Amino acid sequence: MTPVTITTLGSCGAWPEPGRACSGVVVEYDGAAIAVDLGWGTLPRLLTHLRSPTAAPLAAVVVTHDHPDHTGDLPALMRARWYAGRDLPAVPLLCPEAVVVRLRESEDGAHRSCAHVFDWLGTPDAATVGGFDLALHRLPHYVDNVGVRIEAGGATVAVTGDTGPIEAVVELGRDVDVFVVDATDRHQRQGVPGPPPGTPAYNLTAAQAGALAARAGARRLVLTHFWPGNHRERSRQDAAAEFGGDVLLADEGLTITV
Ligand SMILES: [Zn+2]
């Protein structure tokens, strides 16, 4: 059977650590690829991984929300396609409107590269692109935000993007083979400025990620979106105390095969 692979492009929330990148995952099946988030530092890794200077195998891009640790390299993909891959078909782009509004602001002068390079689909509940069935789930964050379930070749993968600890995370990850979950663990960084008191939790701890993944019945858990400088092994241990299956730490270049 043709395998489905999940590769981490970047593992940092907020900003990239030395040698790393911000949020980004690529899911591949049968020669086609879906990128979920393209934060700072992810595009060179995506191009290298796909062995294409224009990311030609991309069947779609999903961007969870309009924060630069998830969108920073999207304008770079637009330029690569505009200048070096203009004959390629437009890539379906699933994302909240704010993402595409900002992307248009980074067009070169009068060029309408955004509409040429991307086919913006908004955030439909479901979509089928290039052999992948996608389902988008609204999740709470500081801005409009979605998680995504991706099914292909009999495998199911889900990616949260950033989220608070709510029941919708369990639904997103229900019975998936691989669940890629926000584990910002901001509490590890004493003294880091946080949101104003009374703000709801809009990111997860690794322990919450583990507990939600366990309730979802996910088979494997991948923790990601680590606050820069975090002790990742401690996050793994916190999640493993809640989740009985394999707990993996996202790491740039890590590929999981289902
Ligand atoms: Zn983030």
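What counts and what doesn't
- Residues numbered from 1 in each chain as written.
- Predicted model: local features only at pLDDT ≥ 70, side-chain atom pairs only at ≥ 80, totals over all residues.
- Heavy atoms only, no water.
- Helix = DSSP H or I, 4+ residues; strand = E, 2+ residues; numbered from the N terminus.
- Rg over C-alpha atoms; globule rule 2.2 N^0.38 Å.
- Buried < 20%, exposed > 50% of the residue type's maximum accessible area, 1.4 Å probe, protein only.
- Contact = heavy atoms within 4.5 Å.
- Areas by Shrake-Rupley, 256 points an atom, 1.4 Å probe, with all protein chains shown as cover.
- Lys, Arg positive; Asp, Glu negative; His and termini not counted.
- Charge placed at Lys NZ, Arg CZ, Asp CG, Glu CD.
- Pairing = 2+ DSSP bridges.
- Axes fitted to C-alpha atoms, helices over the stretch in contact; angles between N-to-C directions.
- 1 Å grid on protein atoms, 1.4 Å probe; cavity = no way out; pocket = protein on both sides within 12 Å on 5 of 7 lines; lining within 4 Å.
- Points joined across faces, edges and corners; volume = space filled by probe spheres on them.
- Nonpolar A, V, L, I, M, F, W, Y, C, P; charged D, E, K, R; others polar.
- Donors = N, O, S within 2.8 Å, 3.2 Å for Na, K, Ca; no water.
- Tetrahedral: all angles 85-135°; square planar, octahedral: opposite > 155°, others 65-115°.
- Right-handed = clockwise from strand over helix to strand, strands pointing away.

Per an unreviewed UniProt entry, the protein goes by Metallo-beta-lactamase domain-containing protein and derives from Luteipulveratus halotolerans.

**A short note on the overall build of the protein**
Helix and strand counts for the protein come out as eight helices and 14 strands. Expected size for 258 residues packed as a compact globule is a radius of gyration near 18 Å; at 17 Å, the protein falls within 12% of this value. The principal-axis extent of the C-alpha atoms belonging to the protein is close to 50 × 45 × 35 Å. Counting every position in the protein, which comprises 258 residues, the buried fraction comes to 53%. Within the protein, contacts between residues separated by at least 24 positions form 64% of all contacts whose residues are at least 6 apart in sequence. Accessible area for the protein stands at about 10500 Å²; split by element, carbon and sulfur atoms hold 52% of it. In the protein, the 20 positive side-chain charges and the 30 negative ones have mean positions that sit 3 Å from each other.

**Observations regarding the sheet that holds strand 7 (residues 126–129)**
An order of 7-8-9-10-11-12-13 is seen for the seven strands of this open sheet, with the pairing classed as mixed. With partners counted over all chains shown, the strands left at the sheet margins are strand 7 and strand 13 (246–249), one partner each. Adjacent strand axes in the sheet meet at a mean angle of 20°, parallel and antiparallel pairs treated alike. In the sheet, strand 12 (residues 220–224) pairs with strand 13 via four bridges, with the strands oriented parallel. Opposite Val 222, over in strand 13, you have Leu 248 as the bridge partner. Its contacts with the sheet put helix 7 (residues 206–216) on strand 11 (178–182) and strand 12, and the angle it makes with strand 12 is roughly 155°. Against the sheet, helix 8 (residues 232–240) contacts strand 12 and strand 13, and its axis sits at roughly 160° relative to strand 13.

**Quick look at the layout of surface pockets**
Volume-wise, the largest pocket comes out at about 250 Å³. Considering the residues around the largest pocket, the lining is formed by 17 residues, among which Tyr 142, Arg 186, His 187, Pro 195 and Asn 203 are closest to the centre. Of the residues in the lining of the largest pocket, the class split is seven nonpolar, seven polar and three charged.

**Considerations on the coordination of the zinc ion**
Around the zinc ion, the protein contributes the donor atoms Asp 69 (OD), His 70 (NE2), Asp 162 (OD) and His 225 (NE2), which lie 2.1 to 2.3 Å from the metal centre. One can describe the site at the zinc ion as irregular: its four donor atoms subtend angles covering 91 to 163° at the metal. When the donors of the zinc ion are listed by position in the chain, the intervening gaps give D-H-x91-D-x62-H. Remark: Asp 162 occurs in the loop between strand 10 (155–159) and helix 6 (167–172) and Asp 69 occurs in helix 2 (residues 68–71); sequence separation between them is 93 residues. Relative accessible area serves as the criterion here: at 7%, Asp 69 is assigned to the buried category. Among the residues examined, Asp 162 registers a relative accessible area of 2% and is labelled buried.

**Focus: the pairing of strand 3 (residues 32–36)**
Extensive coverage of strand 3 is indicated by the burial of five of its five residues. Residues Ala 32, Ile 34 and Val 36 of strand 3 are buried on one face, and the alternating residues Ala 33 and Ala 35, pointing to the opposite face, are buried as well. Strand direction decides the pairing type here: strand 2 (residues 24–29) and strand 3, joined by five bridges, are antiparallel. The residue of strand 3 that forms the bridge with Tyr 29 is Ala 32. Between strand 2 and strand 3, which pair antiparallel one after the other, the connecting turn spans two residues, and Asp 30 there sits at a positive phi close to 55°. By the bridge criterion, four bridges tie strand 3 to strand 4 (residues 58–62) in an arrangement that is parallel. Its bridge partner being in strand 4, Ala 33 is matched across the sheet by Leu 58. Note on the crossover from strand 3 through helix 1 (residues 42–50) to strand 4: the handedness is right-handed.

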